[in-house]
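Per-entry structural report
Take a look at the letters that make up each chain.
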Amino acid sequence: MMRPNQARLDLSAARHNIALARELAPASKVMAVVKANAYGHGAVTMARTLEPHADALAVACMEEALELREAGIGAPILLLEGVFEPDELAVAAKAGLWITIDNDTQLAWLEAARLARPLQCWLKVDTGMHRLGVAPARAAELCQRIAACRNSLGPPVLITHFACADELENDATRRQIALFEDCGAGLAAPRSAANSPAVLAWPEAHYDWIRPGYMLWGHSPFGTRPQPNADRLRPVMTLCSAVISVREVAAGEAVGYGASWVAKRPSRIATVTVGYGDGYPRTAASGTPVLVNGQRAALAGRVSMDMITVDVTDIGPVRLGDPVVLWGEGLPVAEVAEPAKTIGYELLTRMPMRTPRVVARD
Ligand SMILES: *Cc1c(COP(=O)(O)O)cnc(C)c1O
């Protein structure tokens, strides 16, 4: 007997989602962002699935890039934060990685390095996120320096990142686009700005390269707010578990740690063998939807390490072993994230190794 918990992966959904990204940005190349273990899905599995459909991949750091190279992934891979030490440049050259240049120090390292072969560079421009990147006014000068550097493979791609692209009414994105247009005007450099929300909802920001991450996993960066393009995504991961106990609880009796949930009526409570140790958020509030036998029931009481309790009073007979879905097919992750005061990105990315990733559909 095995614990029934699985993060089931539908690889055909990932192919569908990257095809949607291409359809929405037909003139752009696609860089599939597979950092943080492909947002918890498994970097190697997802890179193998997406590589034939992407023009390049992106990760956060060298360790993540080398994991993919060791698994035989040959596509170009961009280090989104560049290198953290000058010695990494030789490793990047050997592994055929692309690097981001975010500041003067990284550029000085590049200019001073002796590399076996030149690197494709991406110059990060800070148009308002104020996390990484050079001031827009310096983009032209640094672009020329990179183009002239013997360790650079020609001019860099200009890259910027949006702070508020998931807020469709927020003018900040328009201001970032205007700054990015200004600093790129007259430069021969290709450009890249769009993360998932911008791929889905800001077509004016598609430029030469789009950089979708979250949307590839089939979830909407707009959370539970409807958006016509996001509504066409299909979830890759479905987090599954099963019922291991069912009991009747009298009105007035409490359920779970802290006795925080009290039955308002005679209730049937199903115990499910999934908890925060399996990636289900401890902060999920009572009332969060849980699918039991494909029907919506409500989380009742606090999330334990290995179990949750669910009010199944209204959904007909429930037996030991009945299937439970925590999110994925039939239940968008945002419906769990929002009552847990977080975002789907975090729930996916924090999925612990304890929960096996199983390819359920190829
Ligand atoms: C993570 C990341 C992305 C992908 O963002 P999503 O919202 O997941 O699509 C794109 N660009 C950069 C620089 C990133 O760090």
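Residues numbered from 1 in each chain as written. Predicted model: local features only at pLDDT ≥ 70, side-chain atom pairs only at ≥ 80, totals over all residues. Heavy atoms only, no water.

Identification of the chain as Alanine racemase from Parahaliea mediterranea is taken from an unreviewed UniProt entry. Entered under Cofactor (unreviewed entry) in the UniProt record, the comment concerning the chain runs "pyridoxal 5'-phosphate". According to UniProt, the comment filed for the chain under the heading Pathway (unreviewed entry) is "Amino-acid biosynthesis; D-alanine biosynthesis; D-alanine from L-alanine: step 1/1." (UniProt positions renumbered as here; feature names shortened; annotations may be inferred.)

1. Brief notes about the UniProt feature "binding site: substrate" (unreviewed entry) in the chain
The residues that UniProt annotates with the feature "binding site: substrate" (unreviewed entry) are R131 and M305. For this annotated set, covering 175 residues, the C-alpha atoms extend up to 34.7 Å from each other, a dispersed arrangement in space. Looking at the secondary structure, you find R131 in the loop between β6 (121-124) and α7 (139-148). On the basis of relative accessible area, R131 is assigned to the exposed category, the value being 55%. Apart from the residues lying within four places of it in its own chain, the contact partners of R131 are D126 and H161. Among the structural elements, M305 can be located in the loop between β15 (295-299) and β16 (308-311). (Helix = DSSP H or I, 4+ residues; strand = E, 2+ residues; numbered from the N terminus. Buried < 20%, exposed > 50% of the residue type's maximum accessible area, 1.4 Å probe, protein only. Contact = heavy atoms within 4.5 Å.)

2. Looking at the side chain of T100
Take T100: it is sitting in strand β5 (residues 97-101). Judged by relative accessible area, T100 falls into the buried class, the value being 1%. Side-chain polar atoms of T100 contact the backbone oxygen of L79, separated by 2.7 Å. One polar contact links the side chain of T100 to the main-chain carbonyl oxygen of L80, over a distance of 3.3 Å. In this structure, T100 is in contact with L78, L79, L80, E81, G82, Q106, W122 and K124, ignoring residues within four places of it in sequence. (Polar contact = N/O pair within 3.5 Å; in protein donor to acceptor, adjacent residues only side chain to side chain.)

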